[in-house]
Amino acid sequence: MKQIPELPIFDRRWLMVAPLSIAVGFIFYRWNIPAAWILAAILCAGGCALLTGRELAVHSEVEVFAKALIAMITAVPLITTPPRQLALFILPGLMVAAVTLVMSFAGGLVLARASSGEITQETAILSLLAGGASIMPPLAQELGADYRYVALSQYLRLFTVTITLPLITPLLGLHSQGAVATQPHGAFTWMSWVVMIFIVVFGERVGKLLHFPAAGLSTPLVLTVVAYFLLPAGTSLLPPDAVLVAAFAVIGWMAGGGLSTSALTSFARQLPITIAFIATLLAGCAAMAWLLHGWLDVSYLDAYLATTPGGLEAVLALSNEANSGPVVASVQIIRLLPILIIAGWLPQLIRLFVRKK
């Protein structure tokens with residue numbers, strides 16, 4: 001007689017973690033804490049995993065859903081910025097991207113060596129790679145790196161950058177705390193729903209067939225860009241808020257649910273060098289801002305906002321308050337694209353570097 005396969009048992013811990021994550025995320029959101037929903041999910045899932053002594057695993061299909069949506073969110077600034085505007089700032093943006101990549105790669109290699117093999121080079125570089133904090137942990141999982149360590153490092157940098165921005169910008173000339181103007185993304189129609197569902201369900205599969213690097217992220221991003229130009233004008237591909245909150249929560253659960261005492265101990269041991277790198281990166285970006293200040297003849301405040309390593313939402317909000325014009329969004333977006341491309345090919349690049357060395 002054929003034996004019926006045993007069905008996976010639902011982990012009852014989710015009955016506590018899921019609603020608690022939403023409640024804490026809402027509180028963090030009202031307090032204007034950076035990456036509120038992701039941080040809340042990391043704390044709740046991580047706390048549960050540590051208290052119970054067992055990892056809290058997220059189902060693979062749920063992970064695919066979250067990765068696809070994060071990729072769609074990442075694509076939205078790329079497709080909603082006019083091409084002419086981006087073209088004016090290609091060279092400055094590529095210069096900022098190149099310097100950021102060199103600093104991140106160098107810092108990652110130093111971190112990997114300082115850990116005496118405890119942290120792989122892929123993990124170290126992704127943990128310090130500036131830009132796209134929400135996309136780096138799932139990308140780390142795609143590439144076989146330690147996404148828990150990457151998430152902790154990335155959100156430490158994001159938190160540092162976002163917290164320091166309101167403290168630094170008044171010194172650079174921004175004093176207004178008025179309402180922030182937001183750019184409309186169009187209407188999320190039934191066609192938007194169809195495209196989103198298609199990308200979530202089939203995006204990774206299409207990418208694997210085409211041999212895309214990090215198919216779970218790169219393919220949804222490419223499909224979002226292609227779909228935008230095929231849909232009627234005024235159609236948005238930015239998912240509704242409730243869907244975004246769900247995606248952010250899953251990303252946080254993926255990072256927090258895998259925490260263990262050993263993982264936290266490893267992160268704590270490397271914390272001093274990680275903080276030192278964040279400080280170095282901020283100083284390097286401030287130096288790049290002086291170059292942009294003279295090159296593009298813009299205010300130093302605008303140049304600093306254009307080069308700051310992360311916290312894109314806070315940066316764009318502050319640039320609206322400062323009436324910065326297109327330089328901030330354009331340079332930030334131009335820098336983001338090569339960072340995502342390089343990150344997707346990271347294992348191949350590291351092997352090439354080691355071979356040449």
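The rules we used
- All chains use their own residue numbering, which begins from 1 and follows the written sequence.
- Per-residue local features are limited, in this predicted model, to residues with pLDDT of at least 70; the limit for side-chain atom pairs, both in listing and counting, is 80 or more; totals at the level of whole chains, interfaces and linings are taken over all residues.
- Here the side-chain values reflect all heavy atoms present in the structure, with hydrogen atoms and water set aside.
- We define a salt bridge as a side-chain nitrogen of Lys or Arg found within 4 Å of a carboxyl oxygen belonging to Asp or Glu.
- For helices the rule is a DSSP run of H or I covering at least 4 residues; for strands it is a run of E covering at least 2, with both sets numbered from the N terminus onward.
- Pairing of aromatic side chains here covers Phe, Tyr and the six-membered ring of Trp, requires ring centres within 6.5 Å, and sorts the geometry by plane angle: under 30 degrees stacked, over 60 edge-to-face, intermediate tilted.
- Partly exposed describes any residue whose relative accessible area lies between the buried limit of under 20% and the exposed limit of over 50%, with all areas from a 1.4 Å probe on protein chains only and scaled to the type maximum.
- We define the nonpolar core as a collection of buried residues of types Ala, Val, Leu, Ile, Met, Phe, Trp, Tyr and Cys that are connected through side-chain atoms lying within 4.5 Å of one another.
- Multiplying 1.5 Å by the residue count of a helix minus one yields the expected span of that helix.
- Convention adopted: a line fitted to C-alpha atoms gives each axis, helices being fitted over their contacting stretch, and angles between N-to-C directions are expressed from 0 to 180 degrees.
- In these notes the angle categories are as follows: under 35 degrees is roughly parallel, over 145 is roughly antiparallel, 65 to 115 is roughly perpendicular, and the rest is oblique.
- When the near helix sits turned anticlockwise from the far one by under a right angle, the crossing is termed left-handed; a clockwise turn instead gives a right-handed crossing.
- We call two residues in contact when some of their heavy atoms are within 4.5 Å.
- Under the grouping applied here, Gly and all other residues not named as nonpolar or charged are polar, the nonpolar ones being Ala, Val, Leu, Ile, Met, Phe, Trp, Tyr, Cys and Pro and the charged ones Asp, Glu, Lys and Arg.
- The disulfide criterion is simple: two cysteine sulfur atoms within 2.5 Å.
- Every residue carries a pLDDT, the predictor's confidence in it, which falls somewhere between 0 and 100.
- Patches draw on residues past 30% relative accessible area with no salt bridge. Two like charges within 9 Å are joined, as are two nonpolar side chains (Val, Leu, Ile, Met, Phe, Trp, Tyr) within 5 Å.
- Each accessible area value is a Shrake-Rupley result obtained with a 1.4 Å probe; residue values ignore everything except the protein chains displayed when judging cover.

Student: Sorry if this is basic, but what is going on with the pattern of salt bridges here?
Tutor: Should their charged atoms come close, side chains of opposite charge can pair. The full count for this structure, using the stated rule, is five salt bridges. For K208, the salt bridge goes to E204, with nearest N and O atoms at 3.7 Å. With K208 and E204 both in helix α9 (residues 190-209) and four residues apart, the pair spans about one turn of that helix.

Student: Explanation requested: the packing of aromatic side chains in the structure shown.
Tutor: The way to describe two aromatic rings as a pair is by their centre distance and the angle between their planes. Evaluated as defined, the whole model comprises eight aromatic pairs. With 5.5 Å between their ring centres and 70 degrees between their planes, Y149 and F267 make a pair best called edge-to-face. Separated by 118 residues along the polypeptide, Y149 in helix α8 (residues 147-172) and F267 in helix α12 (residues 261-269) bring together distant segments of the chain. The two residues Y149 and F267 agree in class, both being buried. Summarising the aromatic geometry, the rings of Y300 and Y304 are spaced 6.4 Å apart at their centres and angled 35 degrees between planes, so their arrangement reads as tilted. Linking Y300 with Y304, this pair stays in helix α14 (residues 300-307), spanning four residues, or about one helical turn. Taking relative accessible area as the criterion, Y300 reaches 16% and is therefore assigned buried. Here Y304 falls in the buried class, since its relative accessible area comes to 5%. An aromatic cluster of at least three residues, connected via ring pairs, comprises W290, Y300 and Y304.

Student: Got a minute to help me understand the nonpolar core in this structure?
Tutor: The nonpolar side chains of soluble globular proteins are, as a tendency, buried together. Of all hydrophobic cores here, the largest spans 52 residues; its most connected members are V17, L126, M136, Y155 and W253. Here this core gets 10 residues from one element, more than from any other, and that element is helix α2 (residues 36-52). M103, A286, A289 and I333 belong to the second largest nonpolar core, which has 39 residues in total.

Student: Any chance you could explain helix α11 (residues 241-257) here in plain terms?
Tutor: In an α-helix, one turn spans 3.6 residues; hence positions three or four apart end up facing the same way. Taking 1.5 Å per residue, 17 residues should reach 24 Å; α11 reaches 23 Å between its end C-alpha atoms and fits that length. Across the 17 residues of α11, 14 count as buried, placing the element largely inside the fold.

Student: Honestly, the packing of helix α5 (residues 90-114) against helix α6 (residues 121-128) in this entry has me stumped. Any pointers?
Tutor: When two helices pack together, you describe them by how their axes are tilted relative to each other and by the distance separating the axes. Here α5 crosses α6 at 135 degrees, and the two axes come no closer than 8 Å. As summarised for this structure, α5 and α6 are arranged oblique, according to the angle between their axes. Of the two possible hands of crossing, α5 and α6 adopt the one that is right-handed. Contacts between α5 and α6 involve S104, F105, G107, G108, L109, L111 and A112 from the first element and Q121, A124, I125, S127 and L128 from the second. Its residues placed into classes, the contact of α5 with α6 shows seven nonpolar, five polar and no charged.

Student: Just checking my understanding: could you explain helix α10 (residues 215-230) for this structure?
Tutor: Helix length check: α10, at 16 residues, gives a terminal C-alpha distance of 22 Å against a target of 22 Å (1.5 Å per residue), a fit within 8%. Buried residues of α10: A215, G216, L217, T219, P220, L221, T224 and A227, and no others.

Student: Even after reading the chapter, I still don't get the environment of A140, so can you show me in this structure?
Tutor: On the secondary structure map, A140 appears in helix α7 (residues 136-142). A C-alpha to C-alpha distance of 8.6 Å links A140 and S127, two positions 13 residues apart in sequence. Excluding residues that lie within four positions of it along the chain, A140 makes contacts with L126, A145, Y147 and V150.

Student: It is not clear to me how the state of the cysteines should be interpreted in this structure. Could you clarify?
Tutor: Between two cysteines, a covalent bond joining their sulfur atoms is known as a disulfide. Across all of its chains, the model carries zero disulfides by this definition. For the unlinked cysteine C44, the closest cysteine sulfur is that of C48, found at 9.3 Å. You can call C44 buried: its relative accessible area is 10%.

Student: What is the right way to read the confidence of the model for the protein chain from this model?
Tutor: As a note on interpretation, predicted positions should not be read in detail where pLDDT is low. Of all residues in the protein chain, 83% attain a pLDDT of 70 or more, and the chain-wide mean is 79. Within the protein chain, the lowest mean pLDDT, 62, falls on helix α15 (residues 312-321), and the highest, 92, falls on helix α1 (residues 14-30). Here residues 1-8 is a poorly scored stretch, pLDDT under 50, and it has zero contacts once near neighbours within four places are set aside; other chains count. The low-confidence segment residues 175-184 (pLDDT under 50) makes eight contacts with residues lying over four places distant or belonging to another chain.

Student: Sorry, what's going on with unusual backbone geometry here?
Tutor: Glycine aside, residues mostly have negative phi, and peptide bonds are mostly found in the trans state. The phi torsion at D297 lies on the positive side, around 55 degrees, for a residue other than glycine. Locating D297 in the fold gives a position in the loop between α13 (271-295) and α14. Its relative accessible area of 70% is what places D297 among the exposed residues.

Student: Even after reading the chapter, I still don't get the packing of α1 against α2, so can you show me in this structure?
Tutor: Contact pair α1 / α2: the axes reach a minimum separation of 8 Å and the direction vectors enclose 140 degrees. Put simply, α1 runs oblique to α2. Like other packed secondary-structure pairs, α1 and α2 cross with a definite hand, here right-handed. For the pair formed by α1 and α2, the contact residues are M16, V17, L20, S21, I22, V24, G25, F26, F28 and Y29 on the first element and A36, W37, L39, A40, A41, L43, C44, A45 and C48 on the second. Here the contact of α1 with α2 is composed, by residue class, of 17 nonpolar, two polar and no charged.

Student: Before we go on, may I ask you to explain a nonpolar patch on the surface in this structure?
Tutor: Taken together, the side chains of W193, I197, F198, V201 and F202 make up a nonpolar region of the molecular surface, amounting to roughly 450 Å² of accessible area. Turning to its location among the elements, V201 is positioned in helix α9.

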